[in-house]
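# Close look at the chain arrangement
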Amino acid sequence: MLPDDDLGWLTHLAIRHDRDIPVLRELNDLYEGTAPLHYIHPEILREVGDRIQAVSLGWPMLAVDPLEERLEPLGFRYPEADEPDPDTPPEELASRAADANLMRVWQDNDLDEEAQLGRLDALVMRRSYLAVGTNEDDADTPLVTVESPLEMYADIDPRTRQPRAALRRWAEDQDSLVRLPEEYATLYRPNATIWYDRGPQGWREIGRDEHNIGEVMVTPLTNRARLADRYGRSELTAPLLSLAHAANKIASDMMVAAEFHALPLRALFGIGEDDLVDDKGNKLTALQVIMGRLLTLEGVEAGEVKPYEFAASSLSNFHDSLTQLAKHATALVGLPPTAFGVVTDTPASAEAWRAAEARLIKRAERKQTPFSGSYERMNRHVRRLQDGDWDPAARRLETIWRDPATPTRAQAADAVAKLFGSKEPIITKRQAREDLGYTPGQIRRMEAEDEVAAQRDPVREIVRLGIAGQPAPAEVPPTNGPPVVEPAGVG
């Protein structure tokens, strides 16, 4: 049964959030490479811990970062009408490429940096959150923050698929040895946002914002949601993690083998374990003797000691195992094998590189659809706080993304040059600038500079527009053969 008061919702959401936090922390540790290693016996770790560090290859990070690097929103726009007003100047139509007001709010809240962190957390820990609130200092610039799933939790209504309540909790001075940590919470309800702190008697209300919007102003940025699971799933899937754990184990075993067998092993026949002590007179363990690359064996004639040296072992079997595991892992995440360190003697061609990235590009395009819905819902809340009423046109907002197939500026410029720099351009100059990722303000400044350049060179402008309003003379199409010479006397 759902709670019927604010404190009841706070307790309900805190319990559900506490149940999720251990799993989210584990996913975060797996991404950071700080999670405990699997498949390694504790006795081995205990013996070699002072000599060899366990190896973490960082495959979970490699599986997430290349995907996040291709997700970059450029702006938001209202869709143009199917039949715009014919009296609308072309400059005004062109300026609708991205909404200047929404981009201003986006920039004022530093979301070009913060939103990237939110997408990364969503890919790793299933989801992150976008919270909108009123700004007492500037009512026309609502506060928009990106929140971690380790601090925030939202309850999803199974009928509307939207949050019906959300809770953010955090503590200050957690590492202080002098004072107790101070705990705070913010409860988001459809018509109010309430702030709490925790005292000896529990949570107490310290502030309230009665916005009366009718919606919870928190939007989950959910990754890999399913019809029966609206809370998302991580890109660190069980098959990928099992391969990563196996690779870390083999890499750690390779380091142990390199310590014990990759260098020649010396043997002394004729002495026993009791004859080997450390500098303090303590008897060495068998593993300490092996780690010292010295093997002893009793059973020969007394007083006779025979030295011997064994050849070093090859580590190629570890290399081959890691290569096979890397090929399976890259197939799961849609990356070329070279991303996980698999290098072949024959370098891949440009066509092979593009083919290897095709699945990664498609994965990035699929991520843009659900993430766009979250950003658009956030912007509808922004407009609601600005205007005091819902904007019907905001239901059709669109998110402008950078093309995931051209993640670098050089690749984007090459693609645009092929579309605009041809003899018959496929796109306009303004569209080319948009595809290169320039903001509307930068594009308007470029167009103003183009006008100044045209005024300095009026002849060029006349040729471009046509003399006296007439179209410029068309080029004479070339002929296939030599010019035809008419006979003399023919007029």
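Structure first, text after, so check above.
### A short note on the overall build of the protein chain
Secondary structure summary: the protein chain contains 15 helices and 13 strands in total. Expressed as a percentage of its 491 residues, the buried residues of the protein chain come to 36%. Contacts in the protein chain between residues at least 24 apart in sequence constitute 66% of all its contacts with a sequence separation of at least 6. In the form shown here, the protein chain has an accessible surface area of approximately 29,700 Å², with 53% of it arising from carbon and sulfur atoms.

### Considering the packing of aromatic side chains
Summed over the entire model, instances satisfying the criterion amount to 7 aromatic pairs. Note on Trp59 and Phe340: the rings are 5.1 Å apart at their centroids and 35 degrees apart in plane angle, and the pair reads as tilted. One end of the pair, Trp59, is in helix α3 (residues 59–68); the other, Phe340, is in the loop between α9 (316–333) and α10 (350–356), with 281 residues separating them in the sequence. Here Trp59 matches Phe340 in class, with each residue buried. Residues Trp106 and Tyr375 carry aromatic rings whose centres are separated by 5.6 Å and whose planes lie at 80 degrees to one another, so their mutual orientation is edge-to-face. Of this pair, Trp106 sits in helix α5 (residues 100–108) while Tyr375 sits in helix α11 (residues 358–387); the two residues are 269 residues apart in sequence, bridging distant segments of the chain. Residue Trp106 shares its accessibility class with Tyr375, and that shared class is buried. An aromatic cluster is present here, built from Phe76, Trp106, Tyr375 and Trp401 joined pairwise through their rings.

### Concerning α11
Along its 30 residues, α11 runs 43 Å from first to last C-alpha, staying within 8% of the 44 Å computed at 1.5 Å per residue. Considering bend angle alone, the principal kink of α11 is centred on Pro370 and spans about 30 degrees. Summarising burial for α11: 21 of the 30 residues are buried, a large majority. Gly388 sits one or two residues past α11 and shows a positive phi near 80 degrees.

### Some thoughts on the environment of Leu130
Note on placement: Leu130 falls in strand β2 (residues 127–133). Distance in space between the C-alpha atoms of Leu130 and Pro220 is 6.3 Å, their sequence separation being 90 residues. Apart from residues lying up to four places away in sequence, Leu130 is in contact with Thr145, Val146, Met217, Val218, Thr219, Ser374, Tyr375 and Met378.

### What to know about the pattern of salt bridges
Considering all chains together, one arrives at 29 salt bridges under this definition. Arg208 is the salt-bridge partner of Glu205, the closest N and O atoms lying 3.0 Å from each other. Overall, the relative accessible area of 41% leaves Glu205 in the partly exposed class. Under the relative-accessibility criterion, Arg208 is labelled partly exposed at 36%. Linking Glu235 and Arg363 is a salt bridge whose minimum nitrogen-to-oxygen distance equals 2.4 Å. A residue pair is termed long-range when its members are at least 10 positions apart, and Glu235 in the loop between β9 (218–222) and α7 (238–260) and Arg363 in helix α11 qualify at 128 residues. Residue Arg363 is classed as buried on the basis of its relative accessible area, which comes to 15%. One salt-bridge network, held together by shared partners, links Asp6, Arg189, Glu205, Arg208 and Glu210.

### Description of the sheet that holds strand β7 (residues 192–199)
Read across the open sheet, the 5 strands follow the order β4-β5-β6-β7-β8; overall the sheet is antiparallel. Edge positions in the sheet fall to β4 (152–156) and β8 (202–209), since each has one partner strand and no second. Averaged over neighbouring strand pairs, the angle between their axes works out to 20 degrees when direction is ignored. Its contacts with the sheet put helix α1 (residues 6–32) on β4, β5 (163–172), β6 (182–189), β7 and β8, and the angle it makes with β5 is roughly 70 degrees.

### Overview of a negative patch on the surface
On the surface, a cluster of negative charge is made up of Asp110, Asp112, Glu113 and Glu114. Relative to the helices and strands, Asp112 is located in helix α6 (residues 111–125).

### So, α1
Helix length check: α1 (27 residues) gives 36 Å between terminal C-alpha atoms against 39 Å at 1.5 Å per residue, within 8%. The largest bend in α1 is about 35 degrees, located at Ile21, with the proline Pro22 one to four residues further on. Every buried residue belonging to α1 is among Trp9, Leu10, Leu13, Ala14, His17, Asp20, Ile21, Leu24, Leu27, Leu30 and Tyr31, and all of these are buried. N-capping of α1 is provided by Asp5, with a side-chain oxygen placed 3.0 Å from the backbone N of Gly8.

### A word on the sheet that holds strand β3 (residues 143–147)
On the basis of which strands lie adjacent, the open sheet formed by 3 strands has the order β3-β2-β9 and antiparallel pairing. Whereas interior strands pair on both sides, the edge strands pair on one side only; in this sheet they are β3 and β9. Strand-to-strand twist of the sheet, defined as the mean angle between neighbouring strand axes without regard to direction, takes the value 20 degrees. Direction of pairing for β2 relative to β3: antiparallel, over a ladder of 5 bridges. Across the sheet, Val132 pairs through a bridge with Val144, a residue of β3. Sitting on the sheet, α11 touches β2, β3 and β9, and the angle it makes with β9 is about 165 degrees.

### So, the pairing of β9
Burial runs high along β9: 5 of the 5 residues are buried. Alternating positions in β9 separate into two faces, Val218, Pro220 and Thr222 on one and Thr219 and Leu221 on the other, with burial throughout. As paired elements, β2 and β9 share 5 bridges and run antiparallel to each other. By the bridge assignment for β9, Ser128 is matched with Leu221.

Parameters at a glance
- Residues numbered from 1 in each chain as written.
- Predicted model: local features only at pLDDT ≥ 70, side-chain atom pairs only at ≥ 80, totals over all residues.
- Heavy atoms only, no water.
- Helix = DSSP H or I, 4+ residues; strand = E, 2+ residues; numbered from the N terminus.
- Buried < 20%, exposed > 50% of the residue type's maximum accessible area, 1.4 Å probe, protein only.
- Contact = heavy atoms within 4.5 Å.
- Areas by Shrake-Rupley, 256 points an atom, 1.4 Å probe, with all protein chains shown as cover.
- Phe/Tyr/Trp six-rings, centres within 6.5 Å; stacked < 30°, edge-to-face > 60°.
- Expected span 1.5 Å × (residues − 1).
- Bend = angle between axes of the 7 residues up to and from the residue.
- Salt bridge = Lys/Arg side-chain N within 4 Å of Asp/Glu carboxyl O.
- Pairing = 2+ DSSP bridges.
- Axes fitted to C-alpha atoms, helices over the stretch in contact; angles between N-to-C directions.
- Patch = residues over 30% accessible without salt bridge, like charges linked within 9 Å, V, L, I, M, F, W, Y side chains within 5 Å.
- Lys, Arg positive; Asp, Glu negative; His and termini not counted.
- Charge placed at Lys NZ, Arg CZ, Asp CG, Glu CD.
- Polar contact = N/O pair within 3.5 Å; in protein donor to acceptor, adjacent residues only side chain to side chain.

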